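Fold and geometry: a report
Next come the chains, spelled out residue by residue.
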Amino acid sequence: MVGVTVAPWPSVDPSTCKHCGAHVTDRFRRVFGDESDRVHRCSECDTYARLTRGSAAGKDVEVPDPETSPGRHGGEADV
């Protein structure tokens, strides 16, 4: 007989962005992620300017967030 253990907590997939759930590569996690190689923001939900300044690692950065500042992904703001 085979025993099965059910974990009391959900499994955490480190290959997904904590913000939007998009897939991130191992290399992206190692380069831009936090000290545990977890990604808080990725290129699907944030700009390169913010990611390279630390937003992927969960740090607050001075560059405006594209979710709260329309038009930050190169497009025009909806008015």
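These lines cover the structure that appears in this document, whether it is placed above or below.

Reading the values: rules and limits
- Residues numbered from 1 in each chain as written.
- Predicted model: local features only at pLDDT ≥ 70, side-chain atom pairs only at ≥ 80, totals over all residues.
- Heavy atoms only, no water.
- Phe/Tyr/Trp six-rings, centres within 6.5 Å; stacked < 30°, edge-to-face > 60°.
- Helix = DSSP H or I, 4+ residues; strand = E, 2+ residues; numbered from the N terminus.
- Buried < 20%, exposed > 50% of the residue type's maximum accessible area, 1.4 Å probe, protein only.
- Salt bridge = Lys/Arg side-chain N within 4 Å of Asp/Glu carboxyl O.

Under the criterion given, the structure shown has one aromatic pair. A centroid spacing of 4.7 Å and a plane angle of 40° characterise the contact between Phe28 and Phe32, whose relative ring orientation is tilted. In this pair, Phe28 and Phe32 both sit in helix H1 (residues 26-32), four residues apart, roughly one turn of the helix. By relative accessible area, which is 16% here, Phe28 ends up buried. The partly exposed category is assigned to Phe32, whose relative accessible area is 23%.

A word on the pattern of salt bridges. Evaluation of the coordinates by the stated rule reveals five salt bridges. With a closest N to O distance of 3.8 Å, Asp46 and Arg41 form a salt bridge. Judged by its relative accessible area of 2%, Asp46 falls in the buried class. The exposure class of Arg41 is buried, given its relative accessible area of 8%. Asp65 is the partner of Arg50 in a salt bridge, and the nearest nitrogen-oxygen pair spans 3.9 Å. Note that Arg50 is positioned in helix H2 (residues 48-51) and Asp65 in the segment after H2, a separation of 15 residues in sequence. Of the two residues, Arg50 and Asp65, neither departs from the other in class, the shared state being buried.

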